[in-house]
Amino acid sequence: MEAITWLDDRIEIIDQTRLPWEEVYLQLSTYEEAAQAIKEMRVRGAPLIGLVAAYGIALGAQSIKTKSKEHFLAELRRMAEVLASTRPTAVNLFQAIKRMIAATQTGEDITGTKATLIAEAKAIHDDERQATRLISQFGAELIGNGFTILTHCNAGPLATGGDGTALGAIMAAKEQNKGINIIATETRPLFQGARLTVWELMRKDIPVTLITDSMAGHFISKGDVNCVMVGADRIAANGDVANKIGTYTLAVLARENGIPFYVAAPITTIDLSLSSGDRIPIEYRSPEEVTHVQGVPVAPQGVQVANPAFDVTPHRYVSAIITEKGAIKEPYQMTLSKLLDE
Ligand code: MRU
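Residues numbered from 1 in each chain as written. Predicted model: local features only at pLDDT ≥ 70, side-chain atom pairs only at ≥ 80, totals over all residues. Heavy atoms only, no water.

A. Structural context of the packing of helix α4 (residues 91–103) against helix α5 (residues 110–140). Their axes nearest at 9 Å, the elements α4 and α5 cross at an angle of 145°. In this structure, α4 meets α5 at a crossing whose hand is right-handed. From α4, N92, A96, R99, M100 and A103 reach across to α5, where they touch T116, L117, E120, A121, A123, I124, D127 and E128. Of the residues that constitute the contact of α4 with α5, the class distribution is seven nonpolar, two polar and four charged. (Axes fitted to C-alpha atoms, helices over the stretch in contact; angles between N-to-C directions. Helix = DSSP H or I, 4+ residues; strand = E, 2+ residues; numbered from the N terminus. Left-handed = near helix turned anticlockwise from the far one by under 90°. Contact = heavy atoms within 4.5 Å. Nonpolar A, V, L, I, M, F, W, Y, C, P; charged D, E, K, R; others polar.)

B. Highlighting the packing of helix α2 (residues 46–62) against α4. At their nearest, the axes of α2 and α4 sit 7 Å apart, and the two run at 30° to each other. In this view, α2 runs roughly parallel relative to α4, as classed from their interaxial angle. As for how α2 packs across α4, the hand of that crossing is right-handed. Mapping the contact onto sequence places A46, P47, I49, G50, A53, A54, I57 and A58 in α2 and N92, L93, A96, I97 and M100 in α4. Residues belonging to the contact of α2 with α4 are distributed by class as follows: eleven nonpolar, two polar and no charged. (Parallel < 35°, antiparallel > 145°, perpendicular 65-115°, else oblique.)

C. Main features of the packing of aromatic side chains. Following the criterion strictly, the structure yields two aromatic pairs and no others. Measuring from ring centre to ring centre gives 5.1 Å for W6 and Y55, while their planes differ by 5°; the resulting arrangement is stacked. Taken as a pair, W6 in strand β1 (residues 4–6) and Y55 in helix α2 lie far apart in primary sequence, 49 residues in all. Overall, W6 belongs to the buried group, its relative accessible area being 12%. Classification of Y55 by relative accessible area gives buried; the value is 3%. Ring geometry for Y248 against Y317: centres 6.2 Å apart, planes inclined by 65°, an arrangement best described as edge-to-face. Remark: Y317 occurs in the loop between β14 (310–313) and β15 (320–323) and Y248 occurs in helix α10 (residues 247–256); sequence separation between them is 69 residues. (Phe/Tyr/Trp six-rings, centres within 6.5 Å; stacked < 30°, edge-to-face > 60°. Buried < 20%, exposed > 50% of the residue type's maximum accessible area, 1.4 Å probe, protein only.)

Below, the structure is given as structure tokens:
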């Protein structure tokens, strides 16, 4: 199973809104289709949406018919803006778009630049694969034999187009023959935990127990969990972490009960331009995601709803951030900038 495949003139994705019931693959041939797939969360997860945007720009570039490089670049920037407007929180999306736009500086002529853009999108994909492989190895070092790990949302291969981050570490620990058990939170409102994490773990025969989000405190306080490990959508310069709504609650529970709270993320998730997490834009999604479950209403019609898709965990709760360059700890202000300088 590949979350995303480049097929020369289009990309193929697995439609994550249909999992785990059906394995449906979609072909995206235009930048508009790529943007739509991100918006509708057919693809999701911070690194993966960056990849889809990068390939989306490459696809869009091939369709521009002009002899003027100036016009070509203006058109490409317009397409990039459409892709950038799909989801606001995961910084990987903007990092990938920025890298694609920077790549237009090479290539002698428009034909050359079009080829360069395809090569750059593939290079971003390769870099993410390599990064998630290393994150998985470093993350696995923190997982002891016999551990029960609680994870939230989905930070597996489906979210990255590579090995996954938090779930990649869990899978690597299993490959090292460590006896591990996973507790997966269902992750309301869109059930990425129940639908995607459980699906990915069961395919790999990794023992997993599904709980509702509200059960986490019960199991953690009983001593049933050795650590919490999650992914991230954006990490600010001081180490504050934006991740799927409900992550902050888990971090506080971990601290209260004396277990480590680990965040696994590639360097493309770090945003040193934001001094702290309160500057991270939080996506608010449609009320129907809360009032309905798979199209079935679960609340009285007309109720007022709030639906933030992410929350911010203050850095003081984060025991370590696991990146492709290794795991770093407080003081994040220093360790994060040192990491990016290297
Ligand atoms: O709204 P989603 O499903 O895109 O949110 C995804 C998450 O919050 C993941 O935990 C995060 O992107 C890390 S992916 C390796």
